[in-house]
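One-letter residues, chain by chain:
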Amino acid sequence: MDGLFDDASAIELEGDEPDGIAVGIDLGTTNSVVAAVANGKVTVITDASGRSLHPSVVAFLPNGQRLVGAAARARRVIDPNNTIFSAKRIIGQPFRTDEVQAALRHLPYQVVEGANQEPLIKTRAGEMSPIHVATTVLSYLRQLAAAQLGGEITHCVVTVPANFSEGQREATRRAAEAAGMQVLRILNEPTAAALAYGQKRQMHQRIAVFDLGGGTFDVTVLAVREDLYEVIATGGDPFLGGDDIDQAIASHLAQQFLQEHRVDLNTNPQARARLLMAAEQIKMKLSKQESVRGTLNEMAHGPGGVALGLKFEIDRSLINTLMTPIVENALDMTGTVLEFADIQPQHIDEVILVGGATRAPLIRERVGQYFGSKPRADISPMQVVAAGAALQAHALFSPGDAAASVGLLMDMTSHSLGIATAGGYVEKLITKNTTIPAEKTRTFTPAKDFQEAVKLRVCQGEDRQFDKNTLVGELILDNLPRVRRGDMKLEVSFLIDADGQLQVSAKDTASGKETRATLRVVGMSAAASAA
Ligand SMILES: Nc1ncnc2c1ncn2[C@@H]1O[C@H](COP(=O)(O)OP(=O)(O)OP(=O)(O)O)[C@@H](O)[C@H]1O
Ligand SMILES: [Mg+2]
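Predicted, not measured: the structure shown is a model, and the values here were computed from it.

A.B. asks: I would appreciate a short explanation of the overall build of the protein chain in the present structure.
C.D. replies: Summing up its helical and strand segments, the protein chain has 11 helices and 28 strands in all. In the protein chain, 65% of the contacts between residues at least 6 apart in sequence involve partners at least 24 apart.

What follows is the structure in structure tokens.
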């Protein structure tokens, strides 16, 4: 009998619990976090070493082995061409978009254009879809969760940035499905963070979520009314984050080394990589202590082959100086987003910090000064998104559990969606910042008489000219009756569901016959996009 009640797994839950377990996943560009509600509490899942932050990295080894998470991240310096990180930057987007091209300038591995304009990552294990990389990370997270929670993970809520497009959301959903989970919802990251703080709160609140991660900055304003969460404005910079602070520290160290030894470490990729790793360690220590000193051995060799080390000492005021342009840049963008929402900083009721980089004291201080109130970080900024996703997963998976209810979520579209019209222009059906779910219908006539087929081209973006926007997909309506263009009316409907996913349908109203077709999303291979 001894020890029988020490075993948590011996506790049986009462009532009709559905089979399986639902988790919440923050699939980050740099790191991912997975959490679940177990015995009424949010549990963050750890790996064998007790870490709760799992690098979103997959490494392909020469012996055919594949590593994921912390083990994979360790190979970034040794084997940069086969260690895939930041795949989130290119998932679900056509190869030729500015976003993908900009991301590629920052990535050391090779990416080529595949079928249906999908970017494919070249590795020694073959060409790989970014969806496949995400699936590999998600499978790993699923396994960790299963081991810790003692059951099969069948369902999930996955978070994405508020500005993710249709294609990016759909690609993320497919990745989770391929990892063996049913997707209960694709949730915006800032909404998830607000949810984690938001239970049982006062009625009307305006919340700003300030998310400075490894490589991306997002700021979002939400209106919370009882349990209705509405994204009212979002913005940011896809290339601003903690990595920039590491770069600034590494450059400072390289400059010091150049002055002391007349050797430029920046010209040696291996040395630069070591400087960046050291810089991150220094940065993290300086979030807790006032100064850090140490030596990096054998950074280069001097005359006669003598090993040259780099002795450093960096204090809080120096790192604050290096960090200042980054935080001021983020605050400028915050100003733009607040202006769009037509809200003064002091009218925000609560500011929530998200992302590892917000652990730096300077960032907390400046954000506090900007809004005129102390930002909240009582839930770990690195875990808060996954915690909110876990609460939402629990609410959707155990609908009978009243305590699990976390309300109805409302979000807004971050881009306009339209179709191509004659002359290469765009007719917008859904404008930017429309509250979703939303449905819009508009009637069109074909361009020519006796047209038997019509190709509808769908794009997202704000430009009047179609080609200056991003192509989302194409829809072909064929077998139309042979009539004059004036006698045919095509009714096109755009439906965006609660996950922010777009369904396009069209019908020929003149004949009364409804022709339905599904949208082919570009930026994903045919296999991955087959609905
Ligand atoms: N104690 C700390 N002090 C300062 N920075 C930190 C600290 N801990 C982690 N960081 C930084 O936080 C960043 C990672 O943050 P996070 O895990 O939130 O990113 P992410 O969500 O994966 O990235 P992204 O938001 O770009 O998708 C890294 O730059 C890391 O160096
Ligand atoms: Mg993040």
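A.B. asks: Looking at this model, I keep getting lost on the confidence of the model for the protein chain. Mind explaining?
C.D. replies: Low pLDDT marks regions whose predicted coordinates should not be analysed in detail. Across the protein chain, the average pLDDT comes to 87, with 89% of residues at or above 70. Contacts of residues 1-16 to residues separated by more than four positions or lying in other chains number 3 contacts, the stretch itself having pLDDT below 50. Within the model, the stretch residues 526-531 combines pLDDT values under 50 with 10 contacts to residues more than four positions away or in other chains.

A.B. asks: Could you clarify how one ought to interpret the packing of helix H5 (residues 189-198) against helix H10 (residues 384-397) in this entry?
C.D. replies: Contact geometry for H5 and H10: axes closest at 7 Å, N-to-C directions at 80 degrees. On the basis of the axis angle, H5 is roughly perpendicular to H10. From H5, Glu189, Ala192, Ala193, Leu195 and Ala196 reach across to H10, where they touch Val384, Val385, Ala387, Gly388, Ala389, Leu391 and Gln392. The residue makeup of the contact of H5 with H10, split by class, is 9 nonpolar, 2 polar and 1 charged.

A.B. asks: Looking at this model, I keep getting lost on the sheet that holds strand S6 (residues 66-68). Mind explaining?
C.D. replies: Strand-to-strand pairing in sheets goes through backbone hydrogen bonds, with the strands running parallel or antiparallel. With antiparallel pairing, 3 strands are arranged side by side in an open sheet as S6-S5-S7. In this open sheet, the two strands that pair with only one neighbour each are S6 and strand S7 (83-84). Pairing between strand S5 (residues 58-60) and S7: 2 bridges, direction antiparallel. Across the sheet, the residue bridging to alanine 59 is threonine 83, located in S7.

A.B. asks: I'm lost on the site of ligand 1 in this one. Help?
C.D. replies: Residues in contact with ligand 1 amount to 22 residues; listed here are only the nearest, Gly28, Thr29, Gly213, Gly242 and Gly356. When residues in the shell around ligand 1 are grouped by element, the largest group, 3 residues, is from helix H7 (residues 269-285). Across the shell around ligand 1, the residue classes tally to 5 nonpolar, 13 polar and 4 charged. Mapped onto the domain boundaries, the shell around ligand 1 takes at least three residues apiece from domain 1 (14-239 + 334-411) and domain 2 (242-321).

A.B. asks: So what exactly am I meant to see when it comes to H10 here?
C.D. replies: Counting along an α-helix, one turn takes 3.6 residues, and residues three or four places apart therefore face a common direction. Between its first and last C-alpha atoms H10 spans 20 Å; for 14 residues at 1.5 Å apiece the expected length is 20 Å, and the two agree. Counting buried positions over the 14 residues of H10 gives 13, a clear majority of the element.

A.B. asks: What exactly am I supposed to notice about the environment of glutamate 462 here?
C.D. replies: Tracing the backbone shows glutamate 462 in the loop between strand S24 (454-460) and strand S25 (470-477). Looking at glutamate 462, the number of C-beta atoms within 10 Å reads 13, which means it is partly exposed. Put simply, glutamate 462 and valine 426 are 36 residues apart on the chain and 9.2 Å apart in space, counted from C-alpha to C-alpha. The contacts of glutamate 462, once residues within four sequence positions are left out, are Ser416 and Lys432.

A.B. asks: Explanation requested: the nonpolar core in the structure shown.
C.D. replies: One recurring pattern in soluble globular proteins: nonpolar side chains tend to sit buried together. Membership of the largest hydrophobic core comes to 121 residues, with the highest contact counts inside it found for Val23, Ala35 and Ala390. The element that contributes the greatest number of residues to this core is H10, accounting for 10 residues. Lining this core are residues from two domains, each supplying at least three of them: domain 1 (14-239 + 334-411) and domain 2 (242-321). Counting 21 residues, the second largest nonpolar core, distinct from the first, contains Val458, Cys459, Val472 and Val504.

A.B. asks: Would you mind going over the sheet that holds strand S9 (residues 119-123) with me for this structure?
C.D. replies: Spatially, 3 strands are ordered S8-S9-S10 in an open sheet, and the strand pairing comes out antiparallel. Two strands bound the open sheet, and with one partner strand each, they are strand S8 (110-113) and strand S10 (126-128). For this sheet the average axis-to-axis angle between neighbouring strands, irrespective of direction, equals 40 degrees.

A.B. asks: I keep staring at the packing of helix H6 (residues 242-261) against helix H8 (residues 316-341) and nothing clicks. Help me out?
C.D. replies: Interhelical geometry of H6 versus H8 gives an angle of 135 degrees and a closest axis separation of 9 Å. With respect to their mutual orientation, H6 and H8 come out oblique. In this structure, the crossing between H6 and H8 has a hand that is right-handed. Between H6 and H8, the residues in contact are Asp244, Ile245, Ala248, Ile249 and His252 and Ile319, Leu322, Met323 and Ile326, respectively.

What counts and how
Residues numbered from 1 in each chain as written. Chains lettered and ligands numbered in written order. Predicted model: local features only at pLDDT ≥ 70, side-chain atom pairs only at ≥ 80, totals over all residues. Helix = DSSP H or I, 4+ residues; strand = E, 2+ residues; numbered from the N terminus. Contact = placed C-beta atoms within 7 Å. pLDDT = per-residue confidence, 0-100. Axes fitted to C-alpha atoms, helices over the stretch in contact; angles between N-to-C directions. Parallel < 35°, antiparallel > 145°, perpendicular 65-115°, else oblique. Nonpolar A, V, L, I, M, F, W, Y, C, P; charged D, E, K, R; others polar. Pairing = 2+ DSSP bridges. Near = placed C-beta within 6 Å. Domains from an automatic or database assignment. Expected span 1.5 Å × (residues − 1). Buried ≥ 20, exposed ≤ 12 C-beta atoms within 10 Å, placed from the backbone. Core = buried A, V, L, I, M, F, W, Y, C linked by C-beta atoms within 7 Å. Left-handed = near helix turned anticlockwise from the far one by under 90°.

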